[in-house]
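Okay, here's what each chain looks like letter by letter:
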Amino acid sequence: MPAPRLQKLDLQGFRSFGTGRQTFNLSPTVTVVWGGNSQGKTSLAEGLEFLFTGQVARRELLASAKDEFAESLRNVHIPAAATVFVEAHIVCPDGATRRLRRTLVDDFKGSSACTSRLELDGAPCTEEDLATQVGLKLMAPPLRAPVLAQHTLAYIFSVAPGDRATYFRAVLDTQDLQDFRNAVAALETALPPPVFPELAKLAAIEAIPELAAIAKKVRAAKTSAELDKHLSDALEVLLVAADIPAKPSRAERSEQLNAALEQRRSQTFPTGLFARRPFTGWSGLDTSLADTLKVFERERQHVEAETRRLITLFKAALAIEAVDGAHAPIDCPLCATAAALTPARISQFREQVAANKAYQEAEKATAEALRELDGTLLTLAQATIQALPRFARETAIARREQAFTMARLRRLVPDTSLVAAWSAAYRRLRRAAGSLQASVGAARGQITAALGDLTHWQDTAALLAILDTVPAEVAAWEVAQLAYAESVRQLSETLQAAVDQSANTAGWLDLVNVARDPTPLWQAMERQRGHAATIKALQGALKEIDTAIGKVTDEKFGTLSEDVRSWWERLRPDEPSFFDAVKRRSAKARRNIDLKVGLSAHSDRSDAQLRDAVAVFSQSQLHCLGLALFLARTVAEGMGFVVLDDPVLTSDDDFRPNFEFSVLEALLDAGVQVIVLTQDYASWKNIGHRWDYRGVSQFQLVRDDPVIGTEVRSQKDQLSSILAKAQPFIKSHDAEQRKQGAIELRQAIERFCKEMLVRERHANGDMQAAIADYDGKNFGDFKTKVLALLTNDPSHSGKLTTAHNNVTPGPHDDRPPSSAQLKVAAGDIKALKKAYLD
Amino acid sequence: MSASAAEASNDAAKPTDTERLQTHLAAGGLASQLLGAWLAGPGSQAQRRMLTVLDAHNSSLQATDAGPTPPKT
């Protein structure tokens with residue numbers, strides 16, 4: 001697949017470029033741009049970096065000085081509203097020409113990165129689009145774009161070893177192997193060691209001094225039968241040491257040891273007195289009681305007290321057939337009053353008896369509900385007592401007899417905060433239990449009173465009010481229980497260890513538990529061994545992978561070294577000092593990459609001694625090596641173009657021809673489009689002449705006015721080139737340099753005059769007129785004709801004459817013109833050029 | 001890379017890094033199997049595939065033992 005080619009570049013507002021869009025129409029082969037110091041070469045190179053990466057590598061390489069780049073991308077002299085952008089027309093691998101544009105949104109601020117907007121043919125695009133649509137796959141950081149500047153050449157020699165290794169890993173593009181290697185290394189963290197309580201118990205058994213030898217056998221047991229036997233032996237060792245004859249089986253021995261353990265522990269401190277029964281049997285109060293009481297009160301109101309007293313008589317009277325069946329007044333059977341019992345009166349008897357029956361049923365239901373409630377409350381009270389710790393249910397004498405005292409507890413648990421927390425939790429527990437018991441007692445008292453005389457009991461509301469408090473009391477009690485349980489748990493951890501330490505029984509319980517059922521331990525040990533084997537195998541594989549990656553790296557380093565050597569030989573052929581190889585420091589090295597060079601005393605490079613380039617190469621040699629490395633990388637990465645900003649040091653004129661011819665030839669043969677930026681005018685001309693047949697493009701950068709910014713001049717604008725060349729000399733304090741400046745400006749005046757004359761002849765139909773027609777002639781020869789053409793402004797002829805006089809010394813005048821004279825002359829020539837030629 | 005080498009490299013089918021790596025790993029070994037698992041599918045599930053390889057590798061190494069005598073109830 002062909003690589004992308006840059007067809008056209010446009011810059012506006014970026015660094016030294018002003019608000020006027022500057023355009024470069026690039027050659028598909030070589031484009032060479034000349035510019036003096038501070039004319040905009042680096043702005044152009046970094047503009048291309050910015051276009052492709054959104055950053056400038058120089059800022060990344062000077063990590064400690066990032067904040068110094070604040071507000072550095074936008075030309076400081078342009079209006080705030082002016083858009084800053086870099087744009088390229090790119091001929092893509094599919095043959096289409098696409099317009100890639102990056103617009104600066106926010107400049108660097110402090111240590112914050114700049115932000116920008118990247119668009120492809122006017123639509124937002126991403127770096128991935130660059131690869132898929134433009135065919136431009138950026139290189140790895142920090143030098144991502146194929147743009148080389150002098151400050152980046154030194155990078156590889158000045159970075160820390162780790163960064164150099166990272167750089168070369170990126171160059172060799174072995175990140176995929178590193179990713180694989182890291183993924184394998186990460187497997188170990190994905191396989192945490194198994195966590196089994198049995199393994200902690202085994203560790204506790206191993207800490208029992210008497211079992212030092214046998215515990216090793218336990219851990220090393222190869223079969224479950226071996227484990228069984230070694231555990232049994234361990235039990236026997238402890239029993240024998242405790243003067244207890246060991247029974248035959250493991251199970252029997254474990255119970256023997258458990259009994260011995262309990263005895264020893266209780267002699268030291270009766271930890272069993274902390275034990276509590278669970279608080280059970282409470283499922284809440286029957287919520288229907290209130291309704292039952294309400295019915296009872298209502299029925300009681302329906303039956304008057306006098307009626308309740310006479311109800312037996314009513315029933316007796318109605319039992320008499322004559323009374324029950326009377327349809328007319330009859331005599332009273334009790335007092336014999338004549339016609340005392342009327343049918344209405346008898347009917348009233350029946351109503352009273354019926355009302356009393358409902359009351360009786362309500363009273364019965366109420367009594368049953370109260371008795372049931374009383375039972376529930378009694379259960380609650382008993383459960384509360386039972387849920388207190390055992391020591392709380394012992395008498396003080398009994399506790400002392402069992403050595404359960406605060407003084408002893410404090411001796412065993414020196415951490416006073418644990419004892420204090422437990423003590424406080426116990427006090428809260430007692431208060432909660434006491435409060436609950438009081439409520440239960442009050443409620444039960446009310447119930448007893450009610451059941452004693454339900455007919456006259458009037459304290460329904462009082463009973464319900466007390467019962468309302470019980471659920472909250474129970475809830476508080478349960479909270480207090482949880483807090484107490486936690487305090488005991490924390491206390492017990494320390495206390496149990498202290499007791500075991502004091503009783504010399506540390507690890508016994510673990511042995512007892514493991515020996516009762518060794519299967520979980522066996523399974524845990526198997527899992528642990530399996531994990532250890534996995535990790536060992538993984539580490540072995542990782543070692544093998546590291547060695548193999550090293551070999552692949554060496555192979556790729558070998559290829560890279562050949563490429564670098566090739567470029568080196570083009571830059572500095574036949575030198576006795578030469579580049580040898582880039583390679584790992586040793587077969588195991590992963591972070592140290594050396595650049596080896598050969599030093600020979602002979603022109604044929606015989607008897608060369610290999611050394612590190614950084615240590616023995618001169619600055620010039622390191623510069624060439626950096627260029628060779630960059631070119632090798634750029635070509636290897638398949639970049640279609642490369643931008644080289646002053647690739648040859650000013651002091652390396654001897655090697656400049658090698659670059660201009662041999663290096664460019666190899667790049668062009670490799671199909672790489674080359675853009676060279678140089679401040680060496682001769683080099684600019686040489687490259688132009690040498691590669692003219694390959695369609696070279698030549699440009700010059702001129703920055704006369706910081707506000708206007710860098711301007712692009714094509715090769716054809718000779719007058720601008722001459723003026724630009726004169727610029728550095730004009731300001732000089734050195735007399736000889738100002739003399740040179742005067743010479744350059746005289747040439748500019750003569751060039752201006754010749755172009756005026758040619759243009760006049762063209763206007764008059766003489767299309768054969770050419771600058772060469774005036775070769776060998778000077779200002780005096782054509783002054784009159786030219787002055788006559790300066791008709792736009794009456795001052796123009798005087799300005800041209802004065803400018804020439806200022807830059808032309810008298811016959812015996814050895815004094816150079818002043819900077820002011822030269823500056824005025826240059827300004828007038830530019831103004832005349834603008835008025836008549838642009 | 002020299003010019004001619006660059007052109008040649010564009011045409012020749014160069015082995016990938018992982019292909020090169022595979023040639024330096026013992027055939028059938030764990031490292032080789034892990035590389036195979038790494039390459040066998042999407043990267044997001046690579047760890048799971050490699051852990052499966054590890055499991056299989058360990059299973060082939062481990063013997064079985066039913067365990068000690070269980071306690072009498």
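The rules behind each value
- Residues numbered from 1 in each chain as written.
- Chains lettered and ligands numbered in written order.
- Predicted model: local features only at pLDDT ≥ 70, side-chain atom pairs only at ≥ 80, totals over all residues.
- Heavy atoms only, no water.
- Helix = DSSP H or I, 4+ residues; strand = E, 2+ residues; numbered from the N terminus.
- Buried < 20%, exposed > 50% of the residue type's maximum accessible area, 1.4 Å probe, protein only.
- Contact = heavy atoms within 4.5 Å.
- Areas by Shrake-Rupley, 256 points an atom, 1.4 Å probe, with all protein chains shown as cover.
- Buried area = accessible area lost by both parts, 1.4 Å probe.
- Salt bridge = Lys/Arg side-chain N within 4 Å of Asp/Glu carboxyl O.
- Polar contact = N/O pair within 3.5 Å; in protein donor to acceptor, adjacent residues only side chain to side chain.
- 1 Å grid on protein atoms, 1.4 Å probe; cavity = no way out; pocket = protein on both sides within 12 Å on 5 of 7 lines; lining within 4 Å.
- Points joined across faces, edges and corners; volume = space filled by probe spheres on them.
- Nonpolar A, V, L, I, M, F, W, Y, C, P; charged D, E, K, R; others polar.
- Expected span 1.5 Å × (residues − 1).
- pLDDT = per-residue confidence, 0-100.
- Core = buried A, V, L, I, M, F, W, Y, C linked by side-chain atoms within 4.5 Å.
- Pairing = 2+ DSSP bridges.

Colleague: In this structure, what is going on with the overall build of chain A? I would like to understand it.
Modeller: Along its length, chain A carries 30 helices and 15 strands. Burial analysis of chain A (838 residues in total) assigns 47% to the buried set. Residue pairs at least 24 apart in sequence account for 68% of intrachain contacts in chain A once pairs closer than 6 positions are excluded. About 39600 Å² of surface is accessible on chain A, with carbon and sulfur atoms providing 52% of the total.

Colleague: Explain the interface of chain B and chain A to me, please; I cannot follow it from the model alone.
Modeller: Many authors give the size of an interface as the accessible area that is lost as the parts come together. Listed as interface residues are 31 residues of chain B and, on the opposing side, 47 residues of chain A. Buried surface at the junction of chain B and chain A, summed over both partners, amounts to about 3200 Å²; 63% is from carbon and sulfur atoms. Across the pair A:K556 and B:D17 runs a salt bridge whose closest N-O atoms are separated by 2.8 Å. Taken together, the links from chain B to chain A amount to five residue pairs in polar contact (both at pLDDT 80 or more).

Colleague: Would you explain empty space enclosed by the protein in this entry?
Modeller: The rolling of a water-molecule-sized probe over the atoms marks out the regions of remaining empty space. Residue and element names in this part refer to chain A. Enumeration over the complete set of coordinates arrives at five cavities of 30 Å³ or more. Each pocket or cavity is described by its volume, and for the largest cavity that value is around 60 Å³. Breaking the lining of the largest cavity down by element, the ones donating at least two residues are helix 4 (150-153) and helix 23 (619-636). Looking at the lining of the largest cavity residue by residue, the class counts come to seven nonpolar, two polar and no charged.

Colleague: What exactly am I supposed to notice about the side chain of A:S439 here?
Modeller: Residue and element names in this part refer to chain A. Here S439 is to be found in helix 18 (residues 416-452). In this structure S439 comes out as buried when scored by relative accessible area, which is 11%. What S439 contacts, discounting residues up to four positions off in sequence, is I466, T469, V470 and E473.

Colleague: In this structure, what is going on with helix 24 (residues 656-669) of chain A? I would like to understand it.
Modeller: Quick reminder: α-helices carry 3.6 residues per turn. Residues three or four places apart thus point the same way. Residue and element names in this part refer to chain A. For helix 24, with 14 residues, the first-to-last C-alpha span of 19 Å sits near the 20 Å given by 1.5 Å per residue. Along helix 24, the residues classified as buried are R656, F659, E660, S662, V663, L664, A666, L667 and L668. Just beyond helix 24, the residue with positive phi is G671, at close to 80°.

Colleague: Got a minute to help me understand the side chain of A:T174 in this structure?
Modeller: If you trace the backbone, A:T174 turns up in the loop between helix 6 (161-172) and helix 7 (175-186). Judged by relative accessible area, which is 1%, A:T174 ranks as buried. Residues contacting A:T174, with those up to four places away along its chain left out, are A:R169, A:K556 and B:D17.

Colleague: Looking at this model, I keep getting lost on the confidence of the model for chain B. Mind explaining?
Modeller: The predicted coordinates of low-pLDDT regions are not to be read in fine detail. Residues and elements named next belong to chain B. On average, residues of chain B score 77 in pLDDT, and 64% of them are at 70 or above. Taken element by element, chain B is modelled with least confidence in helix 1 (residues 3-11), mean pLDDT 42, and with most confidence in helix 3 (residues 30-39), mean pLDDT 96. Confidence drops under pLDDT 50 across residues 1-11; counting only partners more than four residues distant or on other chains, this segment forms 17 contacts.

Colleague: What's the story with the nonpolar core in this structure? I'm lost.
Modeller: All names here are of chain A. Counting 61 residues, the largest nonpolar core has F168, L625, L644 and L667 as the members making the most contacts within it. In terms of residue count, the dominant contributor to this core is helix 23 (ten residues). Those residues within four positions of L667 in sequence are excluded, and the remaining contacts are W567, L631, V635, V642, L644, V672 and V674. Counting 54 residues, the second-largest nonpolar core is a separate cluster that includes A369, L418, A425 and A432.

Colleague: Looking at this model, I keep getting lost on the pattern of salt bridges. Mind explaining?
Modeller: Two side chains with opposite charge may pair up if their charged atoms get near one another. Residue and element names in this part refer to chain A. Following the criterion strictly, the structure yields 40 salt bridges over all chains and no others. With a closest N to O distance of 3.3 Å, E299 and R298 form a salt bridge. Its relative accessible area of 42% is what places R298 among the partly exposed residues. For E711, the salt bridge identified is with R713, shortest N-O distance 3.6 Å.

Colleague: What is the right way to read the pairing of strand 9 (residues 578-584) of chain A from this model?
Modeller: Every regular strand shows the same layout, with side chains that alternate between the two sheet faces. Residue and element names in this part refer to chain A. Counting buried positions along strand 9 gives five out of seven residues, so the element sits mostly inside the fold. One ladder, built from six bridges, connects strand 9 with strand 10 (residues 593-599); its direction is antiparallel. Bridge pairing links A581 to K596 in strand 10.

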